[in-house]
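Residue-level structural notes
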Amino acid sequence: MTEGIMGKDYLLLLNCFVLVTLGLPQGAVPLRLQRVDVPAYKLRGDSALLQCHYDLGDDALYSVKWYKDDEEFYRFVPKATPQHSSYRIDGVKVDHHLSNEKQVLLRSVNLKSSGVYRCEVSAEAPSFASAQREGRMEVVFLPKDDPSITGPHDKLYQVGDEINLNCTSGKSYPASVLHWYINDQEVRQEDLLVPLPAVTHPHGLVTSALGLRFTVLAHHFPQGSMRVRCVARVSPVLWEGGRESVVLRQPLDDVREALLLVHGSGSVASPPATLLLLLLAAGAATVGHLVSS
Ligand SMILES: *[C@@H]1O[C@H](CO)[C@@H](O)[C@H](O)[C@H]1NC(C)=O
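Throughout what follows, the structure given in this document is the object of discussion. (Residues numbered from 1 in each chain as written. Predicted model: local features only at pLDDT ≥ 70, side-chain atom pairs only at ≥ 80, totals over all residues. Heavy atoms only, no water.)

1. Details of the overall build of the protein chain
When you go through the protein chain residue by residue, the secondary structure sums to two helices and 21 strands. Counting only residues that meet the buried cut, the protein chain has 42% of its 293 residues in that class. When contacts within the protein chain are restricted to residue pairs at least 6 apart in sequence, those whose partners lie at least 24 apart make up 64%. Put simply, the protein chain shows about 16100 Å² of open surface, and 54% of that area lies on carbon and sulfur atoms. (Helix = DSSP H or I, 4+ residues; strand = E, 2+ residues; numbered from the N terminus. Buried < 20%, exposed > 50% of the residue type's maximum accessible area, 1.4 Å probe, protein only. Contact = heavy atoms within 4.5 Å. Areas by Shrake-Rupley, 256 points an atom, 1.4 Å probe, with all protein chains shown as cover.)

And the structure:
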């Protein structure tokens, strides 16, 4: 049924191309589409409001249509009964009560709702003018879990031993970016970091992983213990004019971490010869407790 309607429109569009050259009477103000507001990112489960700002000028509205990735999902035709129609496509649930000739409300977006949304406004005869604009929306899924640090538990370390740990993020979209910190200093030396493959799960969620490998040295224990942290960050990628650009500082920036505390057995003054890998812990909330224990 959808295809039938779209087929007819296609013919109408062809007509427009012929007629558009005739245009409006001289001096008449034509239809103008000023702006389309599509939220750059939304959290999964949120509603998304898409707005089409246009000025009809001297034209009369024939239709407003919305497309996602070139597939029509909603149209508003003032002279039709009913005025609204929507078409099922993956990830798009239109709330008819809050949608009209100016806006569309999508309920409960999911990862499949990510894409390019286009509004197309068409005028009636005699101008048959039409205008369109688009915007991109990315749906973000924040991890439910903190990252986890894995490696040998309850192992005794001596200065000169190698510590080998993995950090795995919770499932998210886009993928979490992981960073290691030793005593609050970010580990930047490439040779200490072990890149591990990301895993994509059903429904598109991703877990990232990053290894850390370093030799235990006395200076790692300035206060008799060493804090090893893994920080996972989700910074959504925003799209600007069809080009991908990573926006560094923005309100949606999810940061989670896991902490590993390695206790030295010696005193603060004399760096320990034997070290006990004491605890694997997740979550910033537990830090205070661990440090005092
Ligand atoms: C880290 O992950 C890699 C790849 O899954 C695995 O081969 C390695 O044994 C892991 N190392 C630790 C310390 O868990």
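2. Structural notes on the state of the cysteines
In this structure the tally under the stated criterion is two disulfides. Linked covalently through their sulfurs, C52 and C119 form a disulfide whose S-S length is 1.9 Å. Here the disulfide of C52 and C119 is left-handed, its torsion about the S-S bond being about -90°. Within this pair, whereas C52 is found in strand 3 (residues 48–55), its partner C119 is found in strand 8 (residues 115–123), the two being separated by 67 residues in sequence. Residue classification places C119 among the buried residues on the basis of a relative accessible area of 0%. Residue pairing for C167: its cysteine sulfur links by disulfide to C230, the two sulfurs lying 1.9 Å apart. Every disulfide takes its handedness from the sign of the S-S torsion; for C167 and C230 that torsion is -80°, giving left-handed. (Disulfide = S-S within 2.5 Å.)

3. Digging into the site of the ligand
Every residue close to the ligand is listed here: T150, N164, N166 and L196. In this structure, an oxygen atom belonging to the ligand sits 2.2 Å away from a side-chain N or O atom of N166. For the ligand, whose unbound accessible area comes to 370 Å², protein coverage reaches 40%. Partitioning the shell around the ligand into residue classes produces one nonpolar, three polar and no charged. (Near = heavy atom within 4 Å. Polar contact = N/O pair within 3.5 Å; in protein donor to acceptor, adjacent residues only side chain to side chain. Nonpolar A, V, L, I, M, F, W, Y, C, P; charged D, E, K, R; others polar.)

4. A few points about unusual backbone geometry
In this structure, the amide linkage connecting T81 to the following residue, P82, adopts the cis form with an omega of -10°. With respect to the helices, strands and loops of the structure, P82 is situated in the loop between strand 5 (71–76) and strand 6 (84–86).

5. Some words on the nonpolar core
By size, the foremost hydrophobic cluster in this structure holds 31 residues, and its most contacted members are W66, F73, L106, Y117 and V121. Elements represented by at least two residues in this core include exactly strand 1 (32–37), strand 3, strand 4 (61–68), strand 5, strand 7 (103–106), strand 8 and strand 9 (130–140). Among the nonpolar cores identified, the runner-up in size contains 21 residues, and I149, I163, W180 and L212 belong to it. (Core = buried A, V, L, I, M, F, W, Y, C linked by side-chain atoms within 4.5 Å.)

6. Quick look at the environment of L111
Within the secondary structure, L111 sits in the loop between strand 7 and strand 8. Through-space distance from the C-alpha of L111 to that of F141 is 7.7 Å; in sequence the pair is 30 residues apart. Apart from residues lying up to four places away in sequence, L111 is in contact with V139, F141, Y173, H203, G204 and L205.

7. Brief notes about the pattern of salt bridges
Tallying each qualifying case throughout the model produces 11 salt bridges. The partner of R35 in a salt bridge is D37, with the nearest N and O atoms 3.0 Å apart. Look at D37 and you get partly exposed, because its relative accessible area is 23%. Between R75 and E72 there is a salt bridge whose closest N-O contact spans 2.7 Å. For the pair R75 and E72, a shared accessibility class is recorded, and that class is buried. (Salt bridge = Lys/Arg side-chain N within 4 Å of Asp/Glu carboxyl O.)

8. Examining the packing of aromatic side chains
We describe a pair of aromatic rings using the distance from one ring centre to the other and the angle between the two ring planes. Tallied over the full model, the rule gives one aromatic pair. Ring centres 5.8 Å apart and planes at 85° place the aromatic pair F73 and Y117 in the edge-to-face group. A residue pair is termed long-range when its members are at least 10 positions apart, and F73 in strand 5 and Y117 in strand 8 qualify at 44 residues. Looking at K102, its charged tip hangs above the ring of Y54, at a distance of 4.1 Å from the centre. It is R229 that lies over the ring of Y181; its NZ or CZ is 4.7 Å from the centre. (Phe/Tyr/Trp six-rings, centres within 6.5 Å; stacked < 30°, edge-to-face > 60°. Lys NZ or Arg CZ within 6 Å of the ring centre and 35° of its normal.)

9. Quick look at the sheet that holds strand 2 (residues 41–43)
In space, the six strands of this open sheet follow the order 2-9-8-4-5-6, with mixed pairing throughout. Bordering the open sheet on either side are strand 2 and strand 6, each of which pairs with just one other strand. Within this sheet the neighbouring strands show an average axis-to-axis angle of 25°, counted without direction. Bridge analysis of strand 8 against strand 9 gives eight bridges, and the strand direction is antiparallel. Its bridge partner lying in strand 9, G115 is registered against M137. (Pairing = 2+ DSSP bridges. Axes fitted to C-alpha atoms, helices over the stretch in contact; angles between N-to-C directions.)

These figures capture arrangement, not role.
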